[in-house]
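# Chains, contacts and geometry: an overview
Residue-level listing of the chains:
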Amino acid sequence: MKFFVSSFLVGACAASIRQQVPLQDQAPQQLQDAWTKPLKDLKNSLKYLNKETRAVWDEVAMMFPGAMDEASFISTPKKHDRRPDSHWDHIIRGADVQSVWIENENGEQEREIDGKLSAYDLRAKGVDPGLLGVDPKVKQYSGYLDDNDNDKHLFYWFFESRNDPENDPVVLWLNGGPGCSSLTGLFLELGPASIDDKLNIVHNPYSWNSNASVIFLDQPVNTGYSYSGGSVSDTIAAGKDVYALLTLFFKQFPQYAHQDFHIAGESYAGHYIPVFTSEIMSHKKRNINLKSILIGNGLTDGLTQYEYYRPMACGDGGWPAVVEESQCQGMDNSLPRCQSLIEGCYNSESVWSCVPAAVYCNNAIIGPYQRTGQNPYDVRVPCEDGSLCYSQLGWISKWLNKPEVMEALGAEVDSYDGCNFDVNRNFLFAGDWMMPFHRLVPGILEKMPILIYAGDADFICNWLGNQAWTEALEWPGQEAYNKVALEDLKLGGDGRKIGEVKNNGNLTFMRLHAGGHMVPLDQPEASLDFFNRWLSGEWM
């Protein structure tokens, strides 16, 4: 799920800004120093920007008066209590994994596994399936990946396949936000159970672990049950943690390491997954058998995708218009400025150009829709009173905050929050939101298949923009891919129509009918169908 509330995006204007190349050719030392520690006085730092860039920031500041003065740039650490090692069934040390040397085919000594793993540990415990009632016949593990040098602790919950876990593939599932727990995906979308309004467990017959083992990961840190004394505010840093987690997980549980492995996610995972995949691919000696990636209703190429908010909101995406014609015209008028700012971000990859692009575009292009009160994740319905427009999310949080649940899972935080707004804000003000991570996709396509799927009733990461960026992507197969027309996608291959699909080479785009931002929630049967068919290699 991708946050959309424009007033939130600029509310506190706090961030942890990473060091990047400045937009101007020669930045003063004062500005360079500002990037090496949390900014405590953004206005003072901004005065060192060149005239053009400062003008953009001044424009943002005029739109949201007082926001810059309120900046604290500090995220409050989540309260936690680390459990003793005796609580866990398994603990594997990254230093032990990294210390293993083998002899290669040339008779030379080399590490068995690449990567800087010495600071990481993985803790795991078996979850009693009958105690919680979530898929009671399936083997489960939960635990933490610990980065001991940086006080980071990522929570995960693993479910074996209901079918043939010794041979079925393994999938990592990631929700977006940034800052939303992947346990949302578990209980609201594609996991083995949901939570009803009485906090009862409801079996999901269309769970994605029907024919695959699934890891649900709370990342980045301070999301869900994860915690840290510090923070992660960019996708690249988060990718290092995910590589370590997968490496240690497959070392601890080698029975799952020989199967095919896939990464799937939605929304801001359109940023995460290309980066995480590239991080994995950068290590030649690895124990991660990565075969494909799947991105659902993702934000991947903002320059292309922001153009399609206006048509989706104004009735050109297959559903009735949500905003009035005058607002549609306003969105059209704002688009050139928005795209100019995104181009500046793409060219410099600097926080000083990427932050204004995100703030301006989200408010000018997404804001008109938000003010209608309609659900941004489903253009067909109004936003409910519950968290992020879905009352079910409140039920999930209540269940995950029950002491007996937290004890059974080994959770170490005082409380579970479905989405952490500090994390979201920090990613925004680190410039991560508009980063051109789609440029990593061509390199991935050389190695493995990619599925981009989209429910066609979603506004916030709509199908029009997702189809457009796959066709705008520059890669060797672009011309051939663009010549392929969408064909009917039918349930089971020959049943009722559930959407449309196009494929050429390693790239596949899929439009799912009557699905919102969270396709498995709205179309569970169709969701499991295309997922199983993808894993079986139908479009690979």
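Residues numbered from 1 in each chain as written. Predicted model: local features only at pLDDT ≥ 70, side-chain atom pairs only at ≥ 80, totals over all residues. Heavy atoms only, no water.

### Some thoughts on the overall build of the protein chain
Tallying secondary structure elements over the protein chain gives 21 helices and 17 strands in all. Going through the 540 residues of the protein chain one by one, you find that 60% of them count as buried. A separation of at least 24 residues holds for 74% of the contacts in the protein chain among residues at least 6 apart in sequence. When the accessible surface of the protein chain is totalled, it reaches about 20,000 Å², and 46% of it is carbon and sulfur. (Helix = DSSP H or I, 4+ residues; strand = E, 2+ residues; numbered from the N terminus. Buried < 20%, exposed > 50% of the residue type's maximum accessible area, 1.4 Å probe, protein only. Contact = heavy atoms within 4.5 Å. Areas by Shrake-Rupley, 256 points an atom, 1.4 Å probe, with all protein chains shown as cover.)

### Some remarks on the nonpolar core
It is characteristic of soluble globular proteins that their nonpolar side chains tend to be buried jointly. Among the nonpolar cores identified, the biggest contains 158 residues, and W157, Y225, L246, Y306 and Y453 are the most heavily contacted of them. Among the elements that make up this core, the one with the highest residue count is helix α13 (residues 351–370) (13 residues). When sequence neighbours within four positions are dropped, the list of residues in contact with Y453 reads W173, W208, G265, L294, I295, G296, N297, M510, L512, V519 and F530. (Core = buried A, V, L, I, M, F, W, Y, C linked by side-chain atoms within 4.5 Å.)

### Details of the confidence of the model for the protein chain
Model confidence for the protein chain is summarised by a mean pLDDT of 88, while 86% of its residues fall at 70 or above. Taken together, the stretch residues 4–41 has pLDDT below 50 and engages in 103 contacts with residues farther than four places along the chain or on a different chain. Note on residues 66–74: pLDDT is under 50 here. Beyond four places in sequence and across chains, it has 25 contacts. (pLDDT = per-residue confidence, 0-100.)

### Some words on the pairing of strand β7 (residues 170–174)
Burial runs high along β7: five of the five residues are buried. Residues of β7 alternate between two faces, with V170, L172 and L174 on one and V171 and W173 on the opposite face, all of them buried. Here four bridges tie β7 to strand β10 (residues 213–218), and the two strands are oriented parallel to one another. Following the sheet pairing, V171 is matched in β10 by V214. Sheet topology note: the β7/strand β12 (residues 261–267) ladder contains five bridges and is parallel. Bridge pairing links W173 to A264 in β12. (Pairing = 2+ DSSP bridges.)

### Observations regarding the state of the cysteines
The final tally for this structure, using the stated rule, is five disulfides. The residue that forms a disulfide with C383 is C389, at a sulfur-sulfur distance of 1.8 Å. With the S-S bond torsion at -95°, the cross-link from C383 to C389 turns out left-handed. Given a relative accessible area of 2%, C389 falls into the buried group. Of note for the protein chain: the bonded cysteines, numbered N- to C-terminal, pair according to 1-10, 2-3, 4-7, 5-6, 8-9. (Disulfide = S-S within 2.5 Å.)

### Considering the pattern of salt bridges
Summed over the entire model, instances satisfying the criterion amount to 26 salt bridges. Linking E479 and K483 is a salt bridge whose minimum nitrogen-to-oxygen distance equals 3.5 Å. Of this pair, E479 and K483 both sit in helix α19 (residues 478–483), four residues apart, roughly one helical turn. (Salt bridge = Lys/Arg side-chain N within 4 Å of Asp/Glu carboxyl O.)

### Remarks on helix α18 (residues 463–472)
In terms of residue burial, α18 counts as a mostly covered element, since eight of its 10 residues are buried. For α18, the complete set of buried residues consists of W463, L464, G465, N466, Q467, A468, W469 and T470. Where α18 begins, the capping side chain belongs to N462, and its oxygen is found 3.3 Å from the backbone nitrogen of L464. (Polar contact = N/O pair within 3.5 Å; in protein donor to acceptor, adjacent residues only side chain to side chain.)

### Some remarks on the pairing of strand β6 (residues 152–159)
β6 sits mainly inside the fold: eight of its eight residues count as buried. Of the two faces of β6, both are covered, the one formed by K152, L154, Y156 and F158 as well as the one formed by H153, F155, W157 and F159. Two successive antiparallel strands, strand β5 (residues 140–147) and β6, enclose a turn made up of four residues, where D151 displays a positive phi of approximately 55°. Across five bridges, β6 lies against β10 in antiparallel orientation. Each bridged residue has a counterpart across the sheet, and for Y156 the counterpart in β10 is L217.

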